[in-house]
Amino acid sequence: MAKKGLPENFLWGGAVSAHQLEGGWDKGGKGISIADVMTAGRHGVPRKITDGVQEGYYYPNHEAIDFYSRYKEDIKLFAEMGFKCFRTSIAWTRIFPNGDEDRPNEEGLKFYDDLFDELLKYNIEPVITLSHFEMPYHLVKHYGGFRNRKLIDFFVKYAETVMKRYKDKVKYWMTFNEINNQADADNDFCVFTNSGILFKEGENREETMFQAAVHELIASAKVVKLGHEINPDFQIGCMLAFVPLYPYSCDPDDVMKSVEAMRKRWFFGDVHVRGEIPAYAKAYWENKGYRIEYTPEDEAILKEGTVDYIGFSYYTSAVVAGKNEDGSPAEEGYGRLVPNPHLKANDWGWQIDPVGIRYALNVLYERYQKPLFIVENGLGARDKVEEDGSIQDDYRIAYLREHIKEMKKAVELDGVDLIGYTPWGCIDLVSAGTGEMEKRYGFIYVDKDNEGKGTLERRKKKSFYWYKRVIETNGEEL
Ligand code: P53
């Protein structure tokens, strides 16, 4: 007989990141982060990265939704929905404003003490990402971001500071958010947000990215090891952006291309979970003539600092073809990305694929046999406030319902060990990819538009009441 229902202590909640909702970018001694130098874009128009904070630009993360001063009111709403956990990140720049100081900023530490206390007051378990696209900009300018090995020590020092400080308040940690986004080294935004890297003329992007990634993986392993010494009860995970890359057809060239393309993304999880550089990566580096540096001590650390669980985001899947339309072999790497004819997309072109979440849970569990935690999932959509003030976001409910159904199949029918589910942007916030406010994910509406105008007033959407009921019934009533 099939297993029935989700585990009793299942962690229902919501997820956000500091820079996308806190605002207060220069308050409480905070330094400038990489998110503070990104302007607003929109679908098809990339965000600009400026050289420091400059006059004449609109930076949507500077104020965001002002969670910095409104967190009590917002957490009260999360508690009303029945959240068991809340995933956010610590802004590195509140703790070490430039990243290379000797001593942390007490005012920043105090802010998170208060925030975590407020969550714990309602028995909401904090789930904390250490680095969610928000490293100090100073480390980019003066050290070249994670291409520089020195960043390992800066990150470890920051992580040690907060893990010691909050050792009795926070149990669930993750090191680097969506560390595998940068697998696409041609994407400036991904490499900047993951690693704080601005490419130099003539630099081999992929080689630089791999070196930075290896530094991050070493830093992560050190932090896992250290964290377990600070508190043996800590659960420290990695965080992967899981985008299944399906083969376009049963043509063996399509199938093999999908294996190759997936490997580019698996690399990060494979090191985090297995604690060693996979053979396929070493072969790839050698064939490309890349020199990626790491020492035997680094290799030992990777082995000692493997993660306790795998946190991942899931929004969409993609399709790769091994051949071009004229039958010639597709480019190496991701091959030719083609739309999936079986799926519809949202307004930003992200195709909606609920079965993909079951697929993701299965392939991750088969590969790693470690507990899984869905720490992001959701639908970015424009919402309309009706005359009576209500927001009828049935499309969001439908998206989440279909994904939760498939998630339950993975647990009940496939035997996957799943800890929890935290939909992304449980309160409307600034989009990471575009900087827009109007790409909304929330159960709670925030009155603010793409130009930064609005009262910041909070409003419960229809999905607020729906999700409350989902949590109450442990996912039985959808
Ligand atoms: P936005 C790319 C691909 C998949 C997930 O994204 C991504 C990205 C970067 O945009 O980001 C994650 O806001 C990320 C969050 C982000 C969320 O997905 O572009 O961890 O910070 O907000 C949704 O719609």
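Scoring rules and cut-offs
- Residues numbered from 1 in each chain as written.
- Predicted model: local features only at pLDDT ≥ 70, side-chain atom pairs only at ≥ 80, totals over all residues.
- Heavy atoms only, no water.
- Near = heavy atom within 4 Å.
- Polar contact = N/O pair within 3.5 Å; in protein donor to acceptor, adjacent residues only side chain to side chain.
- Areas by Shrake-Rupley, 256 points an atom, 1.4 Å probe, with all protein chains shown as cover.
- Nonpolar A, V, L, I, M, F, W, Y, C, P; charged D, E, K, R; others polar.
- Salt bridge = Lys/Arg side-chain N within 4 Å of Asp/Glu carboxyl O.
- Buried < 20%, exposed > 50% of the residue type's maximum accessible area, 1.4 Å probe, protein only.
- Helix = DSSP H or I, 4+ residues; strand = E, 2+ residues; numbered from the N terminus.
- Pairing = 2+ DSSP bridges.
- Axes fitted to C-alpha atoms, helices over the stretch in contact; angles between N-to-C directions.
- Contact = heavy atoms within 4.5 Å.
- UniProt positions renumbered as here; feature names shortened; annotations may be inferred.
- Expected span 1.5 Å × (residues − 1).
- Arc of directions from axis to C-beta.
- Left-handed = near helix turned anticlockwise from the far one by under 90°.

Trainee: Just to check I follow, could you spell out the site of the ligand for this structure?
Mentor: Near the ligand lie 16 residues; those nearest to it are Gln20, Glu376, Ala432, Lys439 and Tyr441. Contacts to the ligand include Gln20, whose side-chain N or O atom sits 2.7 Å from an oxygen atom. Between an oxygen atom of the ligand and a side-chain N or O atom of Glu376, the distance comes to 2.7 Å. Surface burial for the ligand is 90%, taken as the share of its 480 Å² of free accessible area covered by protein chains. Here the residues of the shell around the ligand sort into seven nonpolar, six polar and three charged.

Trainee: Mind showing me how you'd approach the pattern of salt bridges here?
Mentor: A side chain of one charge can pair with a side chain of the opposite charge when the charged atoms of the two come close. Applying the stated criterion to the full structure yields 46 salt bridges. For the salt bridge of Lys30 with Asp36, the shortest nitrogen-to-oxygen distance reads 2.8 Å. Overall, the relative accessible area of 13% leaves Lys30 in the buried class. Among the salt bridges present, the one from Asp394 reaches Lys462, with a minimum N-O distance of 2.6 Å. Residue Asp394 is found in helix 13 (residues 394-412), and its partner Lys462 is found in helix 14 (residues 462-472); the two are separated by 68 residues along the sequence. Exposure remark for Asp394: the relative accessible area of 39% places this residue in the partly exposed category. One salt-bridge network, held together by shared partners, links Asp383, Asp393, Arg396, Asp428, Arg440 and Lys461.

Trainee: Sorry if this is basic, but what is going on with the sheet that holds strand 10 (residues 372-376) here?
Mentor: Strands in a sheet are paired, the pairing made by backbone hydrogen bonds, and the direction either parallel or antiparallel. Taken in spatial order, the eight strands of this closed barrel run 1-2-3-4-5-7-10-11, and their pairing is parallel. Averaged over all neighbouring strand pairs, the angle between strand axes comes to 30 degrees, with direction disregarded. Bridge analysis of strand 1 (residues 11-15) against strand 11 (residues 418-421) gives two bridges, and the strand direction is parallel. Bridging across to strand 11, Leu11 finds its partner in Gly420. In the packing of helix 4 (residues 106-121) onto the sheet, the strands contacted are strand 2 (85-89) and strand 3 (125-131), and the crossing angle to strand 3 comes to about 150 degrees.

Trainee: In this structure, what is going on with the UniProt feature "active site" (unreviewed entry) in the chain? I would like to understand it.
Mentor: If you check UniProt for "active site" (unreviewed entry), the listed places come out as Glu376 in our numbering. Residue position: Glu376 is located in strand 10.

Trainee: What exactly am I supposed to notice about helix 8 (residues 205-230) here?
Mentor: Given 3.6 residues per helical turn, the α-helix brings residues three or four places apart onto the same face. The terminal C-alpha atoms of helix 8, which comprises 26 residues, lie 37 Å apart, in line with the 38 Å expected from a rise of 1.5 Å per residue. For helix 8, the N-terminal cap is Asn204; the gap from its side-chain oxygen to the backbone nitrogen of Glu206 is 3.1 Å.

Trainee: Help me out: how do you make sense of the side chain of Asn148 in this one?
Mentor: Looking at where Asn148 falls in the secondary structure, it is placed in the loop between helix 5 (137-143) and helix 6 (150-165). Engagement of the side chain of Asn148 in a polar contact is seen with the backbone nitrogen of Lys150, the distance being 2.9 Å. Once you skip the residues sitting within four places of it in the chain, Asn148 turns out to touch Tyr143 and His215.

Trainee: What exactly am I supposed to notice about the environment of Lys303 here?
Mentor: By secondary structure assignment, the location of Lys303 is in helix 11 (residues 296-304). Taking C-alpha positions, Lys303 is 31 Å from Thr316, a pair spaced 13 residues apart along the chain. Ignoring any residue separated from it by four or fewer positions in sequence, one finds Lys303 in contact with Arg274, Gly275 and Glu276. At 3.1 Å, the side chain of Lys303 forms a polar contact with the side chain of Glu276.

Trainee: Where do I start with helix 11 in this structure?
Mentor: Every buried residue belonging to helix 11 is among Asp298, Ile301 and Leu302, and all of these are buried. Around the axis of helix 11, the buried residues are gathered within 105 degrees of arc, so they sit on the same side. Those residues of helix 11 that are exposed and angled more than 90 degrees off the buried face are Pro296 and Glu297. Tucked inside the fold, the buried residues of helix 11 contact helix 8 and helix 9 (252-274).

Trainee: Help me out: how do you make sense of the packing of helix 8 against helix 10 (residues 279-288) in this one?
Mentor: Helices that pack against each other are described as a pair by the angle of their axes relative to one another and the distance between those axes. Following both chains from N to C, one finds helix 8 and helix 10 inclined at 145 degrees, their axes separated by 12 Å at the closest point. Along this stretch, helix 8 crosses helix 10, giving a crossing that reads as left-handed. For the pair helix 8 and helix 10, contact is made by Glu206, Phe210 and Val214 and by Tyr284, Trp285 and Lys288, respectively.

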